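The chain contents come next:
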Amino acid sequence: QSALTQPASVSGSPGQSITISCTGTSSDVGDYNLVSWYQHHPDKAPKLIIYEVNKRPSGFSNHFSGSKSGNTASLTISGLQAEDEADYYCCSYANTGTLVFGGGTKLTVL
Amino acid sequence: QVQLVQSGAEVKKPGASVKVSCKASGYTFTSYDINWVRQATGQGLEWMGWMNPKSGNTGYAQKFQGRVTMTRDTSISTAYMELSSLRSEDTAVYYCARGTDPGSGSYYDSEFWGQGSLVTVSS
């Protein structure tokens, strides 16, 4: 199972919105609404921010939102804040019964 | 509150095995699947496999088939991940993570994570 494809890096200024893409295949992203997104700060545990394409864990605001079209899922962060600077990973269920992560995207808040 | 507390750092020689533990608290251990994910230095997250603590059923990434074993001890709400035939490329932080929704086969996403266990493989 190949890793999902994400851009290596994205950047934005405080208050702006950015979108991170996650491209898979018809065997994973395209076939299941089981895409999740994780925020990972260095030396901390990853944090689930979106699951099942567009659901937010309890207690999370709509600062983060998710969507999917075909084989590509997207994470949008609106109103960028300094603390959003982190690595972001998408993850999808695949038809082999396994999970596959994207390569990760480093978000820089300018 | 939900907590997953993992065992401490380990240093192993190539060819050896390592067993990482993950003690759960704050919820019913047998109600949620457990995933194991690792991150090598400078690399991304990599899914290793999942286990259902109630049944003991497991599913492993093809890359680790034959080298990884996931088990549990329900009496102490603890999950284990054992990786054998270690090589330098296995040097990584290993995480356990709990499935978001209850039930078997609901390992698709993980809401709660352990703090990570660093495993260093070096001669």
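As shown above, the structure is provided for reference.
Nothing here was measured: the structure is a model prediction, and the numbers come from that model. Just so you know, the residues in each chain are numbered from 1, in the order the chain's sequence is written. The lettering of chains begins at A and the numbering of ligands begins at 1, in the order of writing. Owing to the predicted nature of the model, reporting of local features is limited to residues with pLDDT of at least 70; listing and counting of side-chain atom pairs is limited to 80 or more, with chain, interface and lining totals taken over all residues. To get the side-chain values, take all heavy atoms of the structure and skip hydrogens and water.

A. Representation of the side chain of R67(B) in the model. Residues and elements named next belong to chain B. Only DSSP runs of H or I with at least four residues qualify as helices, and only runs of E with at least two residues qualify as strands; both kinds are numbered from the N terminus onward. Along the chain, R67 turns up in the loop between strand 6 (58–60) and strand 7 (68–73). Between buried and exposed lies partly exposed: a residue is buried under 20% and exposed over 50% of the maximum accessible area for its type, with that area taken using a 1.4 Å probe on protein chains only. For R67, a relative accessible area of 10% corresponds to the buried category. Polar contacts, as used here, are pairs of N or O atoms within 3.5 Å; protein pairs need one atom able to donate a hydrogen and one able to accept it. Residues neighboring in sequence count only if both atoms are side-chain atoms. Within the structure, R67 has its side chain in polar contact with the backbone oxygen of S85 (distance 3.2 Å). Beyond its immediate stretch of four places on either side in the chain, R67 contacts E82, L83, S84, S85, L86, R87 and D90. Note on contacts: a residue pair qualifies if any of its non-hydrogen atoms lie within 4.5 Å across the two residues.

B. A look at the side chain of S92(A). Residue and element names in this part refer to chain A. Structurally, S92 is set in strand 7 (residues 86–93). Take S92: its relative accessible area is 0%, and that puts it in the buried class. A distance of 3.4 Å separates a polar atom in the side chain of S92 from the backbone nitrogen of V29. With residues near it in sequence (within four places) discarded, S92 still touches L4, D28, V29, L34, V35, T98, L99 and V100.

C. Inspection of the sheet that holds strand 7 of chain B at higher detail. Residue and element names in this part refer to chain B. The sheet built from four strands is open, its strands ordered 1-3-8-7 with antiparallel pairing. For this open sheet the edge positions go to strand 1 (3–6) and strand 7, each flanked by a neighbour on one side alone. The sheet shows a mean angle of 20° between the axes of neighbouring strands, taken without regard to direction. Here strand 3 (residues 18–25) runs beside strand 8 (residues 78–83); their pairing, made up of six bridges, is antiparallel. Bridging from a neighbouring strand, K19 pairs with E82 of strand 8. Pairing between strands requires that DSSP locate at least two bridges from one strand to the other. Angles here are taken between N-to-C directions and fall from 0 to 180 degrees, while the axes themselves are lines fitted to C-alpha atoms, restricted in helices to the stretch in contact.

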